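Given next are the chains, with one letter for each unit.
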Amino acid sequence: MFHEIAVDANLLVEQSLLGKEQVTRNALRPIKRIRDKLDGLSFLDHRVAPVVTTIDDLLGKIRIGER
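Criteria and thresholds
- Residues numbered from 1 in each chain as written.
- Predicted model: local features only at pLDDT ≥ 70, side-chain atom pairs only at ≥ 80, totals over all residues.
- Heavy atoms only, no water.
- Helix = DSSP H or I, 4+ residues; strand = E, 2+ residues; numbered from the N terminus.
- Buried < 20%, exposed > 50% of the residue type's maximum accessible area, 1.4 Å probe, protein only.
- Contact = heavy atoms within 4.5 Å.
- Axes fitted to C-alpha atoms, helices over the stretch in contact; angles between N-to-C directions.
- Parallel < 35°, antiparallel > 145°, perpendicular 65-115°, else oblique.
- Salt bridge = Lys/Arg side-chain N within 4 Å of Asp/Glu carboxyl O.

### Observations concerning the environment of I62
And step 1. With respect to the element layout, I62 can be found in the segment after α3 (48-61).
And step 2. The class of I62 is partly exposed, set by a relative accessible area of 29%.
And step 3. Taking C-alpha positions, I62 is 15 Å from R35, a pair spaced 27 residues apart along the chain.
And step 4. Filtering out sequence-adjacent residues up to four positions away, I62 remains in contact with V23 and L28.

### Focus on the packing of helix α1 (residues 2-17) against helix α2 (residues 25-41)
And step 1. Where α1 meets α2, the axes come as close as 10 Å, and the angle between the chain directions of the two elements is 170°. Considering their axes alone, α1 and α2 lie roughly antiparallel with respect to each other. Residues E4, I5, D8, A9, L12, S16 and L17 of α1 lie in contact with α2, whose contacting residues are A27, P30, I31, I34, K37 and L38.

### Topic: the side chain of R35
And step 1. Residue placement: R35 occurs in helix α2.
And step 2. Excluding residues within four positions of it along the chain, R35 makes contact with V52, I55 and D56.

### Remarks on the pattern of salt bridges
And step 1. Under the criterion given, the structure shown has six salt bridges.
And step 2. Of the charged contacts, one joins D39 and R35 as a salt bridge, the two residues approaching to 3.4 Å between their closest N and O atoms. Linking D39 with R35, this pair stays in helix α2, spanning four residues, or about one helical turn.
And step 3. When its relative accessible area of 17% is taken as the criterion, R35 is described as buried.
And step 4. Here R35 makes a salt bridge to D56, at a shortest N to O gap of 2.6 Å. Taken together, the residues R35 in helix α2 and D56 in helix α3 connect sequence positions 21 residues apart.

Function cannot be inferred from these measures alone, as they are strictly geometric.
Okay, structure coming up:
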């Protein structure tokens, strides 16, 4: 599970976030999808809940640019 999420996250960073000064709503959709997938699987492993909390905290701090 963690490997699959890590692969998805790395791809997202490379394609949508690296070199950007602002993040668009479109770029955040995959992050939210990863967050929701983890949240849905959190009952399987106690280590998942803190990751979801961290993602929520980071999403709350991101300044969204207009496109």
